[in-house]
Protein chains: 4
Amino acid sequence: MQLGLIGLGRMGGNMRERLRAAGHEVVGYDQNLEVSDAASLSELAEKLAAPRVVWTMVPSGKITEDTINQLAEVLEAGDIIIDGGNSKFTDDAPRAERLKAKGIHYLDVGVSGGVWGIKNGYALMVGGDAPQVEHCKPIFEALKPVGEFGFAHAGTHGAGHYAKMVHNGIEYGLMHAYAEGYEILKASEYIHDVPAVIKSWREGSVVKSWLLDLLDRALDEDPELDALKGYADDTGEGRWTVDEAVRLAVPAHVIAASLFARFQSRQDDSPAMKAVAALRQQFGGHAVKR
Amino acid sequence: MQLGLIGLGRMGGNMRERLRAAGHEVVGYDQNLEVSDAASLSELAEKLAAPRVVWTMVPSGKITEDTINQLAEVLEAGDIIIDGGNSKFTDDAPRAERLKAKGIHYLDVGVSGGVWGIKNGYALMVGGDAPQVEHCKPIFEALKPVGEFGFAHAGTHGAGHYAKMVHNGIEYGLMHAYAEGYEILKASEYIHDVPAVIKSWREGSVVKSWLLDLLDRALDEDPELDALKGYADDTGEGRWTVDEAVRLAVPAHVIAASLFARFQSRQDDSPAMKAVAALRQQFGGHAVKR
Amino acid sequence: MQLGLIGLGRMGGNMRERLRAAGHEVVGYDQNLEVSDAASLSELAEKLAAPRVVWTMVPSGKITEDTINQLAEVLEAGDIIIDGGNSKFTDDAPRAERLKAKGIHYLDVGVSGGVWGIKNGYALMVGGDAPQVEHCKPIFEALKPVGEFGFAHAGTHGAGHYAKMVHNGIEYGLMHAYAEGYEILKASEYIHDVPAVIKSWREGSVVKSWLLDLLDRALDEDPELDALKGYADDTGEGRWTVDEAVRLAVPAHVIAASLFARFQSRQDDSPAMKAVAALRQQFGGHAVKR
Amino acid sequence: MQLGLIGLGRMGGNMRERLRAAGHEVVGYDQNLEVSDAASLSELAEKLAAPRVVWTMVPSGKITEDTINQLAEVLEAGDIIIDGGNSKFTDDAPRAERLKAKGIHYLDVGVSGGVWGIKNGYALMVGGDAPQVEHCKPIFEALKPVGEFGFAHAGTHGAGHYAKMVHNGIEYGLMHAYAEGYEILKASEYIHDVPAVIKSWREGSVVKSWLLDLLDRALDEDPELDALKGYADDTGEGRWTVDEAVRLAVPAHVIAASLFARFQSRQDDSPAMKAVAALRQQFGGHAVKR
């Protein structure tokens, strides 16, 4: 089927390729016109037959909001807009409402898979109404991995981004569990070959996973991880997951700790630990670093 | 090759089967003589040609210690004892030393894989000296999964159990990351079909793993997990991992939190929260539950 | 000076008493007319000379919002409204803006001290502009403890409630630190007299504090805390503190853990631990509780 | 009464002074003979009338062990040795046993108070048998703060050091709760005067404490804590407390997190966060720092 696809960066570009390989007709648009199939959003709209399906794959926040508003200008009643970016789930229902006023339908889709999706397929979590989900099935089928997994209609507007958010929250926790174990292995005098231990877990063990495969891969490339700084950004979903845990009164020690560790990794010095050092100096005359 | 195998429970019984299927000759011994191939340890020793290899697969602690001491009585210089149970890594070097005095060699092996190992193979982490590891390779080859993964010679005496301990510490963290995400999904009004979301992650997602497959399997059997109490024992390795993190000054927020959550799951009431309730009542006149 | 005081419950009632004891003229209003000094808000306004100062001490959220809106109807330009309740700090600036349109000034005050404030004085953290803070100083002086401490002008609109929010976040952490220590003492075979140990810390120790005094007091009344359930509500500030930590990228392991412990204390069973139990059963055939 | 006191450093020196001010006769010994009242342990023993009471106040570990062994050589049956250092509680019962063989009694005392103890008195937690505790009461009375608090006979051998260990574990948690709150205040655009907020809490608030007084004092000296690095050592008790929580199956999220934060404060780079960065790069092509 036909699809408009806006945003042809690392994710969007790969998705266009995977969709075309599956026989779909993709009209891509990007600010970078060199990779674009249309010179403007209106040209993109013209190139698609109604009812159109247009998928946005641009950075969450203002860029997504602006893109969808502009799209709404060039689309018409009956068309479907899909936001596949990492928008916050609370944006979706109001957005669906605004678009509905123009007769335009809306789906939110959480997309996992990173740079590997072009080959392995992307896990898709969809929020919205059943008829539109049904209508877009061929696209979802082409993007998702072969087989029975990799797709869920999670609920109504917002559920797709919500499921992806929790997915990423879990991802933070999983990564940090491996990371702590890795650090213990590395610190211990008992273990002479850390990469070999990690590699041994890739089959037959309870902790085997795709993330573990990637850790093994990273250690193959750089056995001591010497080339990297212990620094990690966070992209919003981890924070939102903790905020949701707080809102819903769910104890989330692990996910919160993983998020806090990222915060810590970006600090030059810790104001909290300065306060601890100040207190130790005050009551015990303990030595401090200046 | 020949192997003596002591302990034919859930793990040992399956391992005997997998080894025999690979063409090895296994003489099994168990307190339950109905499943035993020998009536006693000395009979087991007689049925094996020197140099013997005898693998113990019994509960860690006193039972393992007693079994190895008894074995040492019936074996002779040049034989090899392998402890495949979940012994604490600090037991291994002293044990190896004691056996060495009799000329008996020792290997410690961490075995992962649970009830699935019979089919998928077991991940094996080995501690000890290279000649004995080499000698026992055919056994390890038969037990481990097919392919390049599932086996590591991690270091000297204790390294096998150490690697398995860290493996289990990571396992605690992984399980709890999934568990927290699951609870958030379940608590949220956005998600209408939690099992479908979990299932969608099994392919194409960053969080795909064998544990996730098992969670999906559990939800297939009992979509609300109604049949289970939120109660989990711990088997030692989680505690030892946290103790090691403390000894080595490794921040292990995630693994510690996962362990503490298990402790909590076994408490009828929390003394700590009684203290919190008492304090709130004292300073604020806040209502308490009696 | 004159003060209107709305809300004469546990906090407001005590505050009226402390203010009157200091020689101030307080006109109190409460829904419960039996304790009220005025039959309505307009009567309260009539009883005060302009420029009026009216302090609201009612539950945060809709009740506070409604009260302030009604007050704005009966007050006039130049008057000052003070919100001393536990409102969320984000409510304050918009509220100040709305009142400013009518020429009414606004201060937000965080009030700590609980049921002990009537005797010891209340710690006050104030947000707003300097002229109004100055104007209300006599009231603040009467409410705060004697001496140099117990009062801060923390910043502009919202800063008072913000400081109180962080105060309560810290309070969660402090209470939980004592609570964990208490539980360890209680669990240990080494300590024969837990209340005596707690009591010994009240003077000369690094951990001495008012909260510790209260814990000792609670143990005097009920040495095993038998009469209490380990159950604690949370009143908003703890959640907001964690949300702020997340927004500001501040690692807040301790405060978050204390909040999560309260969530846990209110759960009949833990969905997360059900998932952990399910996983253990799946991979290891571990026994579960039903 | 007479007391031998070994170790005249920051703690021991102050204690000698406080004891003498209370009218006791203290014979001090230190490696630094300039501050010593005796040239050797045997001279110290000679200067005391039997039954002697000798208090060791030297660094825990080998130095304490050696000192007590040497003391045992120069003391005689009926004498009492008191270890007031931060020894591990598990050392006490075996030590008491060894001394008992020579008829020498033993008490373990946890001492809190830091450099302030000379003026305010020291909180004392004592482990051992009642007759010896009774015998040494005058010394305890002189060292402890005036009034009803500051002393507990916590249990038998080890209980004194155990109580002090938990005290310090709590101290870690308290300090970190304040530290997190301080960092949030500092990070927030709402709070214009962080030191003023901290100061306001010193009276009338629920979080008032001696540690808070010290934080205020530190901020008076250095309002931004610019002179300090966010770096903190740990002296053993925090680690032992977490180990005990693990042994006793007590959830100790707060104390563990505070300990881990100290570990983190001493790392130049975090191996765990390197692993996280490596994983993010592998699956998402996320930018890393080198």
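Residues numbered from 1 in each chain as written. Chains lettered and ligands numbered in written order. Predicted model: local features only at pLDDT ≥ 70, side-chain atom pairs only at ≥ 80, totals over all residues. Heavy atoms only, no water.

### Notes on the overall build of chain A
Counting its secondary structure elements, chain A contains 13 helices and seven strands. Buried residues in chain A amount to 64% of all 290 residues. The long-range fraction of contacts in chain A, counting pairs at least 24 apart against all pairs at least 6 apart in sequence, stands at 63%. Element-wise, carbon and sulfur atoms account for 49% of the exposed surface of chain A, whose accessible area totals about 9900 Å². For chain A, the distance from the average site of its 30 positive side-chain charges to the average site of its 41 negative ones is 3 Å. (Helix = DSSP H or I, 4+ residues; strand = E, 2+ residues; numbered from the N terminus. Buried < 20%, exposed > 50% of the residue type's maximum accessible area, 1.4 Å probe, protein only. Contact = heavy atoms within 4.5 Å. Areas by Shrake-Rupley, 256 points an atom, 1.4 Å probe, with all protein chains shown as cover. Lys, Arg positive; Asp, Glu negative; His and termini not counted. Charge placed at Lys NZ, Arg CZ, Asp CG, Glu CD.)

### Side note on the relation of the copies chain B and chain C
Note on the chain copies: they are related by a rotation about an axis and a translation along it. Relative to chain C, chain B is turned by 180 degrees and slid 0.0 Å along the rotation axis, the superposed coordinates differing by an RMSD of 0.0 Å. On the angle and the small slide along the axis, the relation comes out as a two-fold axis. The fraction of interface residues of chain B whose copies in chain C are also interface residues reaches 100%, indicating that both copies meet through the same surface. (Least-squares fit on C-alpha atoms with pLDDT ≥ 70 in both.)

### Some points on the UniProt feature "domain: 6-phosphogluconate dehydrogenase C-terminal" (unreviewed entry) in chain A
The positions UniProt marks with the feature "domain: 6-phosphogluconate dehydrogenase C-terminal" (unreviewed entry) are residues 160–290 of chain A. Here residues 160–290 of chain A runs as 66% helix and 0% strand, with 49 Å between its end C-alpha atoms. (UniProt positions renumbered as here; feature names shortened; annotations may be inferred.)

### Section: empty space enclosed by the protein
A full pass over the atoms with the stated rule returns ten cavities of 30 Å³ or more. Considered as a void within the structure, the largest cavity measures approximately 140 Å³ in volume. Of the residues in the lining of the largest cavity, the class split is twelve nonpolar, four polar and no charged. (1 Å grid on protein atoms, 1.4 Å probe; cavity = no way out; pocket = protein on both sides within 12 Å on 5 of 7 lines; lining within 4 Å. Points joined across faces, edges and corners; volume = space filled by probe spheres on them. Nonpolar A, V, L, I, M, F, W, Y, C, P; charged D, E, K, R; others polar.)

### Describing the relation of the copies chain B and chain A
Screw-axis analysis of chain B against chain A gives a translation of 0.0 Å along the axis, an RMSD of 0.0 Å, and a rotation angle of 180 degrees. A share of 100% of the interface residues of chain B reappears at the interface of chain A, consistent with the copies meeting face to face through the same patch.

### Structural notes on the packing of helix α13 (residues 271–284) of chain A against helix α12 (residues 253–265) of chain D
Packed helices, taken two at a time, are described by the angle their axes make and the gap between the axes. Taken N-terminus to C-terminus, the directions of α13 of chain A and α12 of chain D make an angle of 100 degrees; their axes are 11 Å apart at the nearest point. In terms of orientation, α13 of chain A and α12 of chain D fall into the roughly perpendicular class. When α13 of chain A is examined against α12 of chain D, the residues Met273, Val276 and Arg280 of chain A are found in contact with a partner set consisting of Ala261, Arg262 and Ser265 of chain D. (Axes fitted to C-alpha atoms, helices over the stretch in contact; angles between N-to-C directions. Parallel < 35°, antiparallel > 145°, perpendicular 65-115°, else oblique.)

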